[in-house]
Amino acid sequence: MLVLSPACGGSAPVATDAGVVDAALPDAAWPDAAPPPELFDESVILTYEFDVAAADWRWLNDNAELEEYVSATMRVGGEVVADAAVRYKGSYGSLFFCFDELGNLRCDKLSIKVAFDQANPDGRFHGLRKLNLHAMEADPTRMHDAIGYRLFRDLGVPAPRTAYARVIVNGELLGLFAVVEQIDGRFTRATFPDGGEGNLYKEIWPEHLTAEPYLAALQTNEDQNPSVDKIQRFAAALAAGGDAGFAAVVGEWMDVDLLVRYMAVARLIDHWDDIVAWYCSSGSCRNHNFYWYESATEDRLWLVAWDLDHTFEEPSPIRSRFGMPDWDDVAADCTPLPIFFGIHGRAPACDPFIRGMATQLWDRYAEESRLLLDGAFSIAAMNARIDELAALIRAELADDPNGPSLLRWEASVDELRDIVVAKRNHVAAKL
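Residues numbered from 1 in each chain as written. Predicted model: local features only at pLDDT ≥ 70, side-chain atom pairs only at ≥ 80, totals over all residues. Heavy atoms only, no water.

### A few points about the side chain of Glu313
Tracing the backbone shows Glu313 in the loop between strand 14 (301-305) and strand 15 (337-340). Despite its burial, Glu313 pairs with no opposite charge, the nearest such side chain being Arg321 at 6.0 Å. There is a polar contact of 2.8 Å between the side chain of Glu313 and the side chain of His310. Sequence-distant contacts of Glu313, that is, excluding residues within four places in its chain, are made with Ala138, Asp270, Trp272 and Lys423. (Helix = DSSP H or I, 4+ residues; strand = E, 2+ residues; numbered from the N terminus. Buried < 20%, exposed > 50% of the residue type's maximum accessible area, 1.4 Å probe, protein only. Lys, Arg positive; Asp, Glu negative; His and termini not counted. Salt bridge = Lys/Arg side-chain N within 4 Å of Asp/Glu carboxyl O. Polar contact = N/O pair within 3.5 Å; in protein donor to acceptor, adjacent residues only side chain to side chain. Contact = heavy atoms within 4.5 Å.)

Below, the structure is given as structure tokens:
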């Protein structure tokens, strides 16, 4: 296959078996809803090969925590992108914890973000600006992303698509990664019924009455002098409604069915590090690992699931090791408790939104949870999904130089089956 270099100041060409196409065409040239299906085909494993200048690759590995890009050529599925860029990803969470206090790497491999718009702002790979390759270091089964995101999507809850990838850099096999769709403007245009041109916010909760926090959290429309009036008004309505008015306000602004389905899935997979995890420092508390999408045409918001590496952990560390009350414990003490690295945690139900779901929306949450327990999260259905994924990735893990041994992995898969039973029992006991 031929690797073509971009013309000076121009777009990045891509060579394919069928000819040469342009990876840096504007958004309209690639249908937003339809990147090549094989990129997110959960039944196959594509090979992603990257060529990075030796000095750049050394620099990237010496400065992983800076999360800065270096140039790369990418080959996948018969196509070559000559001006891709790669960096490590994970921020304070997975990336920070992969290094000890002396800066030594203690993870087998690091998650990678691939950018197609770094050298050229208009650069795209079949409509995609970026792509995530997750190392799955917190997941000994290598199945959490595939299982969890599929559960969300099957219930209509907005969530990224996934697949698996064999990743090679400069001829060296790094191993098996999870391909996770980037949540950005292309994702919103492909997902939401208003056309997806509204504001996308990352990790900002509807509790602020001023514009600045929402503007800082914007992931789309940043260069269009956007108004954040809608999410501000949503926050103001929640504050004015209080506990008694929570259900009415949420009913006006959100699809409540999707909200309680989000909660039903997240609590069964035990996504303890999402909207129910409140971390406190410097006098304030905040949660993370979620997005909000705000409609461009009406007063409507959707909650989007994100970052499922810390799921299916048993016993749940937030409740056992850190001693946090469960999300629905509305009588919990709201005094922050020390958890790790000088950070404190606050009981989830001390937040009015979480408390409102645990009280006013409980019956609807319970109904969706029962449907899941009898359906997609039944023991039979979950074992079938685990079997399907195990058959797919077993051979890749056998070749993975930076993954668990097959014996260790098989033991983790067996443990996952038991964890499913434990998570079912934990949720069912509350319904």
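That was the structure; now back to the text.
### Structural notes on the pattern of salt bridges
The final tally for this structure, using the stated rule, is 29 salt bridges. Two residues, Arg150 and Glu42, come together in a salt bridge whose shortest N-O distance is 2.6 Å. Here Glu42 lies in the loop between strand 2 (19-22) and strand 3 (45-51) and Arg150 lies in helix 2 (residues 144-154), a separation of 108 residues in the sequence. Bridged by salt links that share partners, the residues Asp270, Glu314, Arg319, Asp326, Asp328, Lys423 and Lys430 form one connected network.

### A short note on the packing of aromatic side chains
Scanning the entire structure with this criterion turns up 23 aromatic pairs. A ring pair is formed by Phe312 and Phe377, whose centres lie 6.4 Å apart and whose planes are at 0°; its orientation type is stacked. One end of the pair, Phe312, is in the loop between strand 14 and strand 15; the other, Phe377, is in the loop between helix 8 (362-374) and helix 9 (379-399), with 65 residues separating them in the sequence. Accessibility assignment for this pair places Phe312 and Phe377 in one class, buried. When the ring centre of Phe177 is taken as origin, the NZ or CZ atom of Lys109, which lies over that ring, is 5.0 Å away. The ring of Trp278 has Arg346 lying over it, and the distance from NZ or CZ to the ring centre is 4.8 Å. (Phe/Tyr/Trp six-rings, centres within 6.5 Å; stacked < 30°, edge-to-face > 60°. Lys NZ or Arg CZ within 6 Å of the ring centre and 35° of its normal.)

### A few points about the state of the cysteines
Under the counting rule described, the total for this entry stands at 2 disulfides. For Cys280, the disulfide goes to Cys285, at an S-S distance of 2.0 Å. For the disulfide bridge between Cys280 and Cys285, the dihedral angle about the S-S bond is near 105°, and by the sign convention the bridge is right-handed. For the residue pair Cys280 and Cys285, the accessibility class agrees, reading buried in each case. Disulfide pairing is shown between Cys334 and Cys350; the S-S distance is 2.0 Å. Between Cys334 and Cys350 the sulfur-sulfur dihedral comes to about -100°; the bridge is accordingly left-handed. Remark: Cys350 occurs in the loop between strand 16 (343-346) and helix 7 (352-359) and Cys334 occurs in the loop between strand 14 and strand 15; sequence separation between them is 16 residues. (Disulfide = S-S within 2.5 Å.)

### Focus on the sheet that holds strand 15
Paired through their backbone hydrogen bonds, the strands of a sheet run either parallel or antiparallel. The 4 strands are arranged 12-11-16-15 in an open sheet whose pairing can be described as antiparallel. Both outer strands of the open sheet, strand 12 (284-286) and strand 15, are each paired with one neighbouring strand and no more. Averaged over all neighbouring strand pairs, the angle between strand axes comes to 40°, with direction disregarded. With 3 bridges joining them, strand 15 and strand 16 adopt antiparallel strand pairing. What sits directly across from Leu337, in strand 16, is Gly345. (Pairing = 2+ DSSP bridges. Axes fitted to C-alpha atoms, helices over the stretch in contact; angles between N-to-C directions.)

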